[in-house]
Amino acid sequence: MKHALKALFVSICSAIAVGCGIYSFSGTSLQPDIKTIYVADIENRAMQINPTLASQMTQALQDKYRRLTKLEAVSEDADLEVTGHIMSYEVTPTAVTADEVASRNRLTITVKIFYKNNKYPDEGFPEGRSFAAYQDYDSNNSLDAVQDVLCQQIIETLVEDIFNATVAEWR
């Protein structure tokens, strides 16, 4: 009986904390009156273009907000707006052999994200913020052979960083 009362007390306290907007188990820190979000299509402005990268990035961002928040996705008059573009998609050598040949390469993707909170303007970064992530790969592999896997891993990292900087306030 004593354990049941403790469990009931913890459950009630948790429900009150979540219901009042004090804490969210998804890790978000949104005000309770924030109800909608608009995630625009990410543009690809990189010099080297991966034709599917922008749409994959857009879809991953939209999915992240849909899965981890209660925000309704809208196309206009949103409480929160997330827009952005891919700035660069670059391959650089990271390790060189004695023969001055690259033995490892790094694919780096950099995006610039603009986040606007229309209800609480001080909480956004409408001037934009850059996010970059990379994955290394063996230079014996061509980029074409590994880029799908590398891009998926990089997108996951970027989306997590963007999500945390926007609605989780882990800046």
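1. Quick notes on the confidence of the model for the protein chain
Mean pLDDT over the protein chain stands at 85; residues scoring 70 or higher make up 80%. Confidence, read as mean pLDDT per element, is least for helix H1 (residues 2-19) in the protein chain (49) and greatest for strand S1 (residues 36-39) (98). This model gives residues 17-26 a pLDDT under 50, and the stretch forms 9 contacts once residues within four places in sequence are excluded.

2. Things to note about the side chain of Thr-110
Within the element layout of this structure, Thr-110 appears in strand S5 (residues 102-117). Ignoring sequence-local partners within four residues, the contact set of Thr-110 consists of His-85, Ile-86, Met-87, Ser-88, Ser-130, Phe-131 and Ala-132.

3. Things to note about helix H2 (residues 53-68)
Here H2 contains 16 residues, and its C-alpha end-to-end distance of 22 Å stays within 8% of the 22 Å for a straight helix at 1.5 Å per residue. All buried positions along H2 are accounted for by Leu-53, Ala-54, Met-57, Thr-58, Leu-61, Lys-64 and Tyr-65. Each buried residue of H2 sits inside an arc of 135° when the element is viewed along its axis, so together they form one side. For H2, the exposed residues lying more than 90 degrees away from the buried face are Arg-66 and Arg-67. Buried residues belonging to H2 abut S1, strand S2 (43-44), strand S4 (80-96), S5 and helix H3 (143-166).

4. Observations regarding the environment of Lys-116
Positionally, Lys-116 belongs in strand S5. Here the alpha-carbon distance between Lys-116 and Val-82, two residues 34 residues apart in the chain, equals 6.6 Å. Setting aside residues no more than four positions away along its own chain, Lys-116 makes contact with Asp-79, Leu-80 and Glu-81.

Calculation notes
- Residues numbered from 1 in each chain as written.
- Predicted model: local features only at pLDDT ≥ 70, side-chain atom pairs only at ≥ 80, totals over all residues.
- Heavy atoms only, no water.
- pLDDT = per-residue confidence, 0-100.
- Helix = DSSP H or I, 4+ residues; strand = E, 2+ residues; numbered from the N terminus.
- Contact = heavy atoms within 4.5 Å.
- Expected span 1.5 Å × (residues − 1).
- Buried < 20%, exposed > 50% of the residue type's maximum accessible area, 1.4 Å probe, protein only.
- Arc of directions from axis to C-beta.

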